[in-house]
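Architecture at a glance
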Amino acid sequence: MQIAGFFIAVHWLSAVVAATVISGNRREPRQLEYQYGFTNSRLPITTTTYIGLPVKPIRGHHSAYCLLFYFENTIMDSLRRTESRQGSKSESLSSYEKSIRYSSEDCEKKENGSYDSSVVTFTQEEGTPATDESSPEALIIPDGGLEAWTTVMGAFFGLFGAFGWINAMGIFQKYYETHQLSTLSESTISWISSLQIFFLLFSGLFIGHLFDCFGPRYLILFGTFLQVFGIMMTSISHTYFQILICQAIVAPIGSAFTFHACLASTSTWFHRKRAMVLGIVISGSSVGGLVFPIVIRHFSNHTSYGWTMRFCGFIILSLLLIANVAVKSNNMPRGWTPLNWSTICKTFNNFNFIILIIGSFFIFLAIFSPFAFVVSDATFHGVDSTMANYLVSILNGSSIFGRIIPGLLADKFGRYNMYLVGIFFSGILTLALWIPAQSLVAIAAYAALYGFFAGTVVTLMPSCCSQISDINQIGTRVGTIFAVIGFACLSGIPICGVIIQDGSRQLQWTGMKLFCGIMILCGGLILVFARLKLAQMKVFVKL
């Protein structure tokens, strides 16, 4: 009888393991005579049923129960293979302490052949990767590893080509005023810059949802084609509406696909280091804003406008090809689900998220205006046009450090705390330094300092949004907040252009600078309330 029990237990245990692996831990339980379930803290319960086995258990002999301990490694290997198909990292299981509990008492309570499910549980050790416990299948966030840092590298180059191109808007604003579009007003030309930022940010509402559905691969591929196509078409454009369609609509929409897919992918790999890593990734846009103005100035002095644009297009293509290969998501795509208004409205079910949107709207109404008008302001005050063009590079160069260093500090002192530091310094510098600045040295000092703190603001806004969002909603929520502030960027730069008018008087430039500084500080005050609410009115706390 003991030998028979031994072989029956081996048969049952092998079948349970095989069925668990085949089912992929997704099959629903079936209520029949004998049930065995294996579950852990990361996988749903799978219950497998077998018919035709003895009606009653073998009483008085516990060989079958002892065998469960013998086959522990077999069970763990099967679960690892199942997780590998689901996109999880097998090595993550090694960070858990295995404790397997089997209860023979429940099986002996009744003689009707019913068995309670055996449960495999995992006790998480201190220092193991973070998980998203609110999702149906808790996702391990490794906070490092080869795939994670490869994604960071690819996302950096992706934003170098996508957002970095748009960060060079200041040099195009001045170039069009003196070349192709010299007959148009400064406010009319500024729509090219504002539409670029608008489509880059507003498209996130839809691209974030597509990312949650399909992942980053096809989004970045489509974005690469669309952005390069738009730039190449701009190279053969001559009229205002041709440039507006190609450079301000088509190319930015392509940039948006790459931008949002890279940011969302990076967020899925990191939790504790998320602010620092997003700072590194977004600094790629500052590097692009530093490099592209220099490249454009150099080639425009030696060749035509058309070939300058084509050369920049080929540079962007090479950068985005790296992003296509390297960027991956740690989250499994959920498949296509239609985007409807109820889905969008669900992103507003958090009051803290609403306050973050309102405060950020005021900030982004003005945060990019210095990037667009600093060159024109310098030339108005008598700075040589060649030297004035380098101010855009100074802004973006200092922004590199402003996106990385505060990101490191944010993981230590709190993302909201560092976000507010960047906001208030940006507003104060605009009012206290840019308004009285009239020489090259003063304007360059403002560009360097403002670029640093404006980089902090742009970097930490998505980090703050991710902090108050479930990981499965990061793509949609970050896309939603970018879409809302896209309207701020769409209207902010043209409003500044209207205030400046023809830019022939000092009062016009002062009014524009007052508008920028006041809007940034108003948004900062709103976010102070958001921060205090999250911290339950505590001031000296990491948040």
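Nothing here was measured: the structure is a model prediction, and the numbers come from that model.

**Section: helix H16 (residues 385–413)**
When the terminal C-alpha atoms of H16 are compared, their 42 Å separation across 29 residues agrees well with the 42 Å that a helix rising 1.5 Å per residue should span. Of the residues flanking the start of H16, the one acting as N-cap is Asp384, its side-chain oxygen 3.1 Å from the backbone nitrogen of Thr386. One or two positions beyond H16, positive phi appears at Gly414, with a value near 115°.

**So, the packing of helix H14 (residues 351–364) against helix H20 (residues 506–534)**
At their nearest, the axes of H14 and H20 sit 7 Å apart, and the two run at 165° to each other. Considered as vectors, H14 and H20 are oriented roughly antiparallel to each other. Here the hand of the crossing between H14 and H20 comes out left-handed. Contact with H14, carried on its side by Phe351, Asn352, Ile355, Leu356, Ile358, Gly359, Ser360, Phe362 and Ile363, involves Met519, Ile520, Gly523, Gly524, Ile526, Leu527, Phe529, Ala530, Lys533 and Leu534 of H20 and no other residues of that element. Its residues assigned to classes, the contact of H14 with H20 shows 13 nonpolar, five polar and one charged.

**Brief notes about a nonpolar patch on the surface**
A surface patch of nonpolar side chains, about 480 Å² in accessible area, is lined by Phe222, Phe225, Phe229, Met233 and Ile236. Tracing the chain through its elements places Phe229 in helix H9 (residues 217–234).

**Observations regarding the side chain of Thr224**
Examined against the element boundaries, Thr224 turns out to sit in helix H9. The exposure class of Thr224 is buried, given its relative accessible area of 5%. Here the side chain of Thr224 touches Ile220 through a polar contact of 2.8 Å, landing on its backbone oxygen. Apart from residues lying up to four places away in sequence, Thr224 is in contact with Thr258, Leu317, Leu320 and Asn324.

**Focus on helix H5 (residues 146–166)**
With 21 residues, H5 should cover 30 Å at 1.5 Å per step; its first-to-last C-alpha distance of 30 Å lies within 8% of that length. At Phe160, H5 shows its strongest bend, of approximately 30°.

**Some points on the environment of Asn331**
When you line up the elements, Asn331 lands in the loop between helix H12 (305–326) and helix H13 (341–346). Sequence-wise, Asn331 and Phe211 are 120 residues apart; in three dimensions their C-alpha atoms are separated by 10.0 Å.

**Brief notes about the side chain of Ser286**
Counting through the fold element by element, Ser286 comes out in helix H11 (residues 274–300). In this structure Ser286 comes out as buried when scored by relative accessible area, which is 0%. Looking at Ser286, its side chain comes within polar contact range of the side chain of Arg403, at 2.5 Å. Ignoring sequence-local partners within four residues, the contact set of Ser286 consists of Asn167, Asn396, Ser399, Ile400 and Arg403.

**A word on the nonpolar core**
Formed by 97 residues in total, the largest nonpolar core has its most connected members in Leu356, Phe364, Ile367, Phe368 and Tyr419. With 13 residues, helix H18 (residues 440–467) is the largest single contributor of residues to this core. Leave out the neighbours within four places in its chain, and Phe368 touches Phe163, Asn167, Ile197, Val458, Cys489 and Ile493. In terms of nonpolar packing, the next biggest core, distinct from the first, is built from 31 residues, Ile231, Tyr240, Phe292 and Ile400 among them.

**Observations concerning unusual backbone geometry**
Even without a glycine there, the phi angle at Asp143 is positive, about 60°. Position of Asp143 among the secondary structure elements: in the loop between strand S6 (139–141) and H5. Positioned with a positive phi, Gln501 is a non-glycine residue whose angle comes to about 60°. Judged by relative accessible area, Gln501 falls into the partly exposed class, the value being 48%.

**Some details on the packing of aromatic side chains**
Overall, the coordinates contain 32 aromatic pairs when judged by the stated rule. Seen from their ring centres, Phe163 and Phe259 are 5.2 Å apart, and the 75° between their planes marks the pair as edge-to-face. On the criterion of sequence distance, the pair formed by Phe163 in helix H5 and Phe259 in helix H10 (residues 240–267) is long-range, its members being 96 residues apart. Ring centres of Phe198 and Phe202 lie 5.1 Å apart, and the angle between their planes is 10°; this geometry places the pair in the stacked category. Note that Phe198 and Phe202 are positioned in helix H7 (residues 186–202) at a spacing of four residues, about one turn of the helix. Under the relative-accessibility criterion, Phe198 is labelled buried at 8%. For Phe202, a relative accessible area of 21% gives the class partly exposed. A network of ring pairs unites the aromatic residues Phe163, Phe259, Phe364, Phe368, Phe371, Trp434, Tyr446, Tyr450 and Phe482 as a single cluster.

**Let's talk about the confidence of the model for the chain**
Looking at the chain as a whole, the pLDDT averages 78, with 74% of positions reaching at least 70. Confidence drops under a pLDDT of 50 for residues 3–137, and excluding neighbours within four residues, the segment shows 189 contacts in the predicted structure.

**Thoughts on the pattern of salt bridges**
By the definition in use, this model includes five salt bridges. Ionic pairing is found between Asp143 and Arg272, a salt bridge with its closest N-O pair at 3.8 Å. With Asp143 in the loop between S6 and H5 and Arg272 in the loop between H10 and H11, this pair connects stretches of sequence that are 129 residues apart. Of the residues examined, Asp143 reaches a relative accessible area of 4% and is grouped as buried. We classify Arg272 as partly exposed; its relative accessible area is 47%. We note a salt bridge from Lys328 to Glu147, for which the minimum N-O separation is 3.9 Å. Residue Lys328 is found in the loop between H12 and H13, and its partner Glu147 is found in helix H5; the two are separated by 181 residues along the sequence. Judged by relative accessible area, which is 36%, Lys328 ranks as partly exposed. Assessed through its relative accessible area of 32%, Glu147 is described here as partly exposed.

**Considerations on the packing of helix H6 (residues 169–178) against H7**
At a minimum axis distance of 10 Å, the contact between H6 and H7 shows a crossing angle of 150°. Accordingly, the angle class assigned to the pair H6 and H7 is roughly antiparallel. Our pair here, H6 against H7, has a crossing hand that is right-handed. Mapping the contact onto sequence places Met169, Gln173, Tyr176 and Glu177 in H6 and Glu186, Ile189, Ser190, Ile192, Ser193 and Ile197 in H7. Of the residues belonging to the contact of H6 with H7, the class tally is five nonpolar, three polar and two charged.

So, how was this worked out
Here, residues in each chain are numbered from 1, in the same order as that chain's written sequence. Under the rules for a predicted model, residues below a pLDDT of 70 receive no local features and side-chain atom pairs below 80 are neither given nor counted, while totals for whole chains, interfaces and linings still include all residues. To obtain the side-chain values, all non-hydrogen atoms of the structure were used and water was disregarded. Strands are runs of DSSP state E lasting at least 2 residues, helices are runs of H or I lasting at least 4, and numbering of each runs from the N terminus. Any helix carries an expected span of 1.5 Å times its number of residues minus one. Under the rule applied, a polar contact is a pair of N or O atoms within 3.5 Å (in protein, one hydrogen donor and one hydrogen acceptor; residues adjacent in sequence only if both atoms are side-chain atoms). Working convention: axes come from line fits to C-alpha atoms, limited for helices to the stretch in contact. Angles between N-to-C directions cover 0 to 180 degrees. Under this scheme an angle from 65 to 115 degrees is roughly perpendicular, one under 35 degrees roughly parallel, and one over 145 degrees roughly antiparallel; angles in between are oblique. Left-handed describes a crossing whose near helix is turned anticlockwise from the far helix through less than a right angle; right-handed describes the clockwise counterpart. Note on contacts: a residue pair is in contact if any heavy atoms of the two residues lie within 4.5 Å. Side-chain classes are defined by residue name, with Ala, Val, Leu, Ile, Met, Phe, Trp, Tyr, Cys and Pro counting as nonpolar, Asp, Glu, Lys and Arg as charged, and the others, Gly among them, as polar. Residues enter patches when their relative accessible area tops 30% and they take part in no salt bridge; the joining distance is 9 Å for like charges and 5 Å for the nonpolar side chains Val, Leu, Ile, Met, Phe, Trp and Tyr. In short, Shrake-Rupley with a 1.4 Å probe defines the accessible areas, and a residue's cover is counted only from the protein chains shown. Basic side-chain nitrogens of Lys or Arg form a salt bridge, by our definition, when they fall within 4 Å of a carboxyl oxygen of Asp or Glu. Here the term buried applies to any residue with accessible area under 20% of the maximum for its type, exposed to any over 50%, and partly exposed to those in between, with areas from a 1.4 Å probe on protein chains only. What is called the bend at a residue is the angle between a pair of axes, fitted to the seven residues leading up to and ending at it and to the seven starting from it. To define a nonpolar core, start from buried Ala, Val, Leu, Ile, Met, Phe, Trp, Tyr and Cys residues and group those joined through side-chain atoms within 4.5 Å. In this scheme Phe, Tyr and Trp rings, the latter by its six-membered ring, pair at centre separations within 6.5 Å, and the angle between planes marks the pair as stacked below 30 degrees, edge-to-face above 60, and tilted otherwise. Per-residue confidence from the prediction method is given by pLDDT, with values spanning 0 to 100.

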